[in-house]
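Observations on chain architecture
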Amino acid sequence: MTSTEAATLALQDHAALWSMGEIRASDVVNAACDALVAGLDTPGLRLLAACTRAEADYDVHELLPKALDELDLTFYPVASDAGQEAAARALARRMLAGELTPREFTFRTHQRYGHELPLTERLAELDDEYDTIEYGDRTLNQVDAEVTAEAHRLAAHPTVSAEPTDTPS
């Protein structure tokens, strides 16, 4: 994967995670800066990258959809099914990159989506299994290995079908 491809995927992941309330707006601005450094460049991306930390919470909701559109990326409306799936895939990539432990990954996914999101149902079940590991017949390493396999499954499909990309109100 080239640095521009990696930056594009990182920006898309940050956008999805922000839309679902997983990360701060300033994290999106940092991803926009990284995308510029990697060679991506559009007027909207420059405006997004220029936000200060103080401005980010107020301006990202307006600037992000335009920047993503200019890069042919998807803006996921808050609480959309497609956005939830994109955020779950982004969290899987973070776990595989070592930013989250398997336990943290299942906990965050289960906490955010419960057993309601079909894409992450197995992760919710595995989170439940972590809670009862001392009473079950599987070891922590076995559960971690299955979580890692699930993360690979999710991360292998970086995009989901897009829903309308209306700007938030």
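Read on for a plain summary of the structure. Everything numeric in this text was worked out from a predicted model, so none of it was measured. (Residues numbered from 1 in each chain as written. Predicted model: local features only at pLDDT ≥ 70, side-chain atom pairs only at ≥ 80, totals over all residues. Heavy atoms only, no water.)

Taken as a whole and judged by the stated rule, the model has 14 salt bridges. Here D131 and R103 are joined by a salt bridge, their closest N and O atoms 2.6 Å apart. On the criterion of sequence distance, the pair formed by D131 in helix α7 (residues 121-131) and R103 in helix α6 (residues 102-113) is long-range, its members being 28 residues apart. According to the relative accessible area criterion, D131 is partly exposed, its value standing at 48%. A salt bridge links R153 to E150; the nearest nitrogen and oxygen atoms lie 2.8 Å apart. Taken together, the positions of R153 and E150, both in helix α8 (residues 140-155) and 3 residues apart, correspond to about one turn of that helix. Accessibility expressed as a relative area gives 13% for E150, which makes it buried. Residues joined in a network through salt bridges with shared partners are R122, E125, E129, R138 and E146. (Salt bridge = Lys/Arg side-chain N within 4 Å of Asp/Glu carboxyl O. Helix = DSSP H or I, 4+ residues; strand = E, 2+ residues; numbered from the N terminus. Buried < 20%, exposed > 50% of the residue type's maximum accessible area, 1.4 Å probe, protein only.)

Between helix α2 (residues 25-38) and helix α4 (residues 53-70), the least distance of the axes is 8 Å, while the angle of their chain directions is 75°. As far as their axial angle goes, α4 and α2 are roughly perpendicular. For the pair α2 and α4, contact is made by A25, S26, V28 and V29 and by R53, A56, D57, V60 and L64, respectively. Residue composition of the contact of α2 with α4, by class: 6 nonpolar, 1 polar and 2 charged. (Axes fitted to C-alpha atoms, helices over the stretch in contact; angles between N-to-C directions. Parallel < 35°, antiparallel > 145°, perpendicular 65-115°, else oblique. Contact = heavy atoms within 4.5 Å. Nonpolar A, V, L, I, M, F, W, Y, C, P; charged D, E, K, R; others polar.)

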